[in-house]
Amino acid sequence: GDKYHLSSEGRSKNVMELSVNGEVVPSKSQSKDFSAKIEVDVEVGAVNESGRPKTATLQVITLSRSDDSAAESSLLNNVKVEAISADGALSYSVDGTPVEYKVAETLELFSMVGKGATSGNNDSMLGTDEPRKPGDEWEVNGSEVAESFSKEAGMDISSESVSGTMKFEKLVEIGGVPCQKVSGTFTMNSPYLPGFPANAKFSNSTMTMGMSGAFPTDPTLQPVEESATMQMSPTVAFSAQGKSFELKTDFLQSKTSKITKK
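In this report, we go over the structure that sits alongside the text. (Residues numbered from 1 in each chain as written. Predicted model: local features only at pLDDT ≥ 70, side-chain atom pairs only at ≥ 80, totals over all residues. Heavy atoms only, no water.)

1. Topic: the pattern of salt bridges
- Per the counting criterion, the structure on display carries eleven salt bridges.
- D2 is the partner of K261 in a salt bridge, and the nearest nitrogen-oxygen pair spans 3.9 Å. With a gap of 259 residues between them, K261 in strand β15 (residues 243-261) and D2 in the segment before β1 (3-20) connect regions that are remote in the sequence.
- With a closest N to O distance of 2.9 Å, R65 and E105 form a salt bridge. With R65 in strand β4 (residues 53-67) and E105 in helix α1 (residues 101-108), this pair connects stretches of sequence that are 40 residues apart.
- Looking at R65, the relative accessible area reads 3%, which means it is buried.
- On the accessibility criterion, E105 (16% relative accessible area) is buried.
- Within the structure, one salt-bridge network assembled from shared partners comprises K32, R65, D67, K102 and E105. (Salt bridge = Lys/Arg side-chain N within 4 Å of Asp/Glu carboxyl O. Helix = DSSP H or I, 4+ residues; strand = E, 2+ residues; numbered from the N terminus. Buried < 20%, exposed > 50% of the residue type's maximum accessible area, 1.4 Å probe, protein only.)

This is how it looks when you write it as structure tokens:
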């Protein structure tokens with residue numbers, strides 16, 4: 001039943017280059033890089049066991065997208081969209097008809113419904129059990145981060161490979177709401193990615209994440225501002241059927257949001 005207005009912009013970049021016996025195969029390589037903006041009123045319908053929304057009604061005021069730095073184009077204007085997360089997949093529909101792939105892909109960037117039932121949440125992974133004052137720093141919960149990302153992304157991440165710190169920067173007031181300004185960065189390493197043969201060798205498989213936000217001192221309220229960046233550029237090398245393969249990937253996702261409770 002929670003209602004809020006979301007104003008957000010983000011970027012998603014996913015570049016993959018496949019080489020076979022040292023030669024790049026253009027037909028098996030791909031590049032996708034888009035930026036998007038959204039203004040939307042969200043009403044949460046239901047949440048999963050982790051407290052993440054699994055159904056929501058999205059009154060999309062504007063949704064626009066720019067691919068590969070091209071001119072921005074409008075995707076939706078004043079349209080009601082039903083968003084549902086089920087069995088690890090997201091679906092978006094208008095009057096019972098699924099939206100086209102490009103629209104769904106763009107909506108997914110803004111994470112208004114959860115894709116899965118992760119074992120942790122931002123508070124348990126990045127928060128602290130001890131009282132903190134402005135200027136204090138603490139380590140992220142490596143075991144919670146590892147378990148959550150391993151479950152959702154299908155990676156095998158150990159708690160020992162997770163490192164990072166959070167910082168309580170200062171107290172601020174935004175729109176009359178007292179907030180704690182918190183920021184931090186952390187990294188994690190996966191020894192493999194799902195879907196590759198057992199002989200695959202991975203390099204540069206460290207994922208780096210940064211986040212900051214203004215979180216109300218009242219824990220029942222949603223964040224007022226949030227920003228997050230995730231970046232990873234792994235290389236996978238393996239052999240099959242007498243050939244050597246190498247896959248280079250460059251992944252980046254970033255987002256900044258302002259949330260106003262309705």
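There is more to say, and it comes next.
2. Looking at the layout of surface pockets
- Roughly 230 Å³ of volume is contained in the second largest pocket.
- With four residues, β15 is the largest single contributor of residues to the lining of the second largest pocket.
- The class makeup of the residues in the lining of the second largest pocket is seven nonpolar, three polar and three charged. (1 Å grid on protein atoms, 1.4 Å probe; cavity = no way out; pocket = protein on both sides within 12 Å on 5 of 7 lines; lining within 4 Å. Points joined across faces, edges and corners; volume = space filled by probe spheres on them. Nonpolar A, V, L, I, M, F, W, Y, C, P; charged D, E, K, R; others polar.)

3. Details of the pairing of strand β12 (residues 206-216)
- Bridging between strand β10 (residues 177-189) and β12 involves eleven bridges; their strand directions are antiparallel. Paired with M188 across the bridge in β12 is M207.
- Taken together, the seven bridges between β12 and strand β13 (residues 225-232) define a ladder with antiparallel strand orientation. From the neighbouring strand, M211 faces β13, where its bridge partner is A228. (Pairing = 2+ DSSP bridges.)

4. Notes on the packing of aromatic side chains
- For the structure on display, the rule yields three aromatic pairs.
- Counting every residue linked through ring pairs, the aromatic cluster contains F196, F202, F238 and F245.
- One Lys or Arg, R65, reaches over the ring of F34 and ends 3.7 Å from the middle of that ring. (Phe/Tyr/Trp six-rings, centres within 6.5 Å; stacked < 30°, edge-to-face > 60°. Lys NZ or Arg CZ within 6 Å of the ring centre and 35° of its normal.)

Nothing here speaks to function; it is geometry throughout.
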